[in-house]
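Residue-level structural notes
These are the residues of each chain, in order.
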Amino acid sequence: MEITRAEFVMSNTDVKCCPSDGYPEYAFIGRSNVGKSSLINMLTCRKNLALTSQTPGKTQLINHFLINKEWYLVDLPGYGYARRGKEGRASIARIIESYILQREAMTNLFVLLDCRHDPKTIDLDFITWLGENTVPFSLVFTKADKISRLRIEDNIRIYREKLLETWEELPPLFVTSSTKCKGREELLAYIAETNHLCGK
Ligand code: GTP
Ligand code: MG
């Protein structure tokens, strides 16, 4: 799929104020700093469409980007950023949870995981919570440029084994690097296919 148009539409903290046009949307979630905003820029080939930072906690709002005037990419705040403080973390958690549980237009949630790390409790708990709430999701391993292909394969195998302890089957799984543009074709093909299935 070609992306011919990518435009920022709005940022807000309230799911009730998100766009009401009913276009399907694909949201990005994961720990702070995992690379959500960078991935949106990589997919759209725009350097600064979504704001990124080396410091965790950059994205604090629900951000809608309209693609080809047909569907949305949604950049969400990251979870688990310790230095935000208890109240800050709770308010971000409320934003994330209300978006994920209430947003009817959300067609798929991409859960981002840093491919360098072993499965972390915070991510596994989050994935379990998605399952309990029957949220449609896929897994995206990020920062694949940072380690060798063999180590990535090893880490993904460990992840698969861990998830298969509780899941009967695994969701779609992608490996990406925003700096090397890896995984772009696969993710866009998946979005195109999903749009097709929901009649777009
Ligand atoms: P929050 O908004 O704080 O939750 O973070 P985020 O998940 O949106 O992460 P962001 O895209 O801002 O990226 C965090 C840092 O990781 C930045 O310094 C990025 O340049 C870097 N980064 C993101 N993706 C990649 C990647 O694929 N490869 C490399 N080498 N660095 C990456
Ligand atoms: Mg961000």
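When helices and strands are counted, the chain shows five helices and seven strands. Reading the secondary structure of the chain in the N-to-C direction produces β-β-α-β-β-α-β-α-β-α-β-α. Its C-alpha atoms give the chain a radius of gyration of 16 Å, near enough to 16 Å, the size a compact globule of 200 residues would have. In terms of its C-alpha atoms, the chain occupies a principal-axis envelope of roughly 40 × 40 × 35 Å. Out of the 200 residues in the chain, the part that is buried amounts to 49%. Within the chain, counting contacts between residues at least 6 apart in sequence, those at least 24 apart form 74% of the total.

A few words on the coordination of the magnesium ion (ligand 2). Coordination of the magnesium ion (ligand 2) by the protein is provided by S37 (OG) and T59 (OG1), with metal-donor distances spanning 2.0 to 2.2 Å. Taken together, the residues S37 in helix α1 (residues 36–44) and T59 in the loop between α1 and β3 (62–67) connect sequence positions 22 residues apart. Across this residue pair, the class does not change: S37 and T59 are buried.

Lining the immediate surroundings of ligand 1 are 21 residues, of which K36, S38, G57, T59 and S178 lie closest. A distance of 3.3 Å is found between an oxygen atom of ligand 1 and a backbone nitrogen or oxygen belonging to V34. Here G35 contributes a backbone N or O atom positioned 2.9 Å from an oxygen atom of ligand 1. In isolation ligand 1 has 650 Å² of accessible area, and contact with the protein removes 88% of it. Assessed atom by atom at 2 Å from the grid points, ligand 1 resides in the largest pocket. Classifying every residue of the shell around ligand 1 gives two nonpolar, 14 polar and five charged.

Turning to the packing of aromatic side chains, a few remarks are in order. How two aromatic rings sit relative to each other is set out by the distance from centre to centre and by the angle between their planes. The full count for this structure, using the stated rule, is 12 aromatic pairs. Ring geometry for F174 against Y190: centres 5.3 Å apart, planes inclined by 55°, an arrangement best described as tilted. Residue F174 is located in strand β7 (residues 173–175), and its partner Y190 is located in helix α5 (residues 184–197); the two are separated by 16 residues in the primary sequence. Grouping residues by exposure puts F174 and Y190 together as buried.

A word on the pattern of salt bridges. One pass over the full model with this rule turns up 10 salt bridges. Between R31 and D123 there is a salt bridge whose closest N-O contact spans 3.1 Å. Pair noted here: R31 is in the loop between β2 (25–30) and α1 and D123 is in helix α3 (residues 121–132), with a separation of 92 residues, a long-range link. Grouping residues by exposure puts R31 and D123 together as buried. The salt bridge partner of E153 is R149, with a shortest N-O separation of 3.2 Å. In this pair, E153 and R149 are both assigned in helix α4 (residues 149–164), four residues apart and thus about one turn of the helix distant. On the accessibility criterion, R149 (62% relative accessible area) is exposed. One connected set of salt bridges, linked through shared partners, spans R5, E7 and K69.

Before going further, it helps to spend a moment on α5. Structural remark: α-helix, 3.6 residues per turn; residues separated by three or four positions point the same way. Taking 1.5 Å as the rise per residue, α5 with 14 residues should run 20 Å; its terminal C-alpha atoms sit 20 Å apart, in good agreement. Taken as a whole, α5 has its buried residues at R184, L187, L188, Y190, I191, T194 and N195. What you see down the axis of α5 is that its buried residues fit within an arc of 155°, all on one side. In α5, the exposed residues that point more than 90 degrees away from the buried face are E185, H196 and L197. Of the surrounding elements, those touching the buried residues of α5 are β2, α1, β4 (71–75), β5 (106–114), β6 (137–142) and β7.

Criteria and cut-off values
- Residues numbered from 1 in each chain as written.
- Chains lettered and ligands numbered in written order.
- Predicted model: local features only at pLDDT ≥ 70, side-chain atom pairs only at ≥ 80, totals over all residues.
- Heavy atoms only, no water.
- Helix = DSSP H or I, 4+ residues; strand = E, 2+ residues; numbered from the N terminus.
- Rg over C-alpha atoms; globule rule 2.2 N^0.38 Å.
- Buried < 20%, exposed > 50% of the residue type's maximum accessible area, 1.4 Å probe, protein only.
- Contact = heavy atoms within 4.5 Å.
- Donors = N, O, S within 2.8 Å, 3.2 Å for Na, K, Ca; no water.
- Near = heavy atom within 4 Å.
- Polar contact = N/O pair within 3.5 Å; in protein donor to acceptor, adjacent residues only side chain to side chain.
- Areas by Shrake-Rupley, 256 points an atom, 1.4 Å probe, with all protein chains shown as cover.
- 1 Å grid on protein atoms, 1.4 Å probe; cavity = no way out; pocket = protein on both sides within 12 Å on 5 of 7 lines; lining within 4 Å.
- Sits in = over half its atoms within 2 Å of the grid points.
- Nonpolar A, V, L, I, M, F, W, Y, C, P; charged D, E, K, R; others polar.
- Phe/Tyr/Trp six-rings, centres within 6.5 Å; stacked < 30°, edge-to-face > 60°.
- Salt bridge = Lys/Arg side-chain N within 4 Å of Asp/Glu carboxyl O.
- Expected span 1.5 Å × (residues − 1).
- Arc of directions from axis to C-beta.

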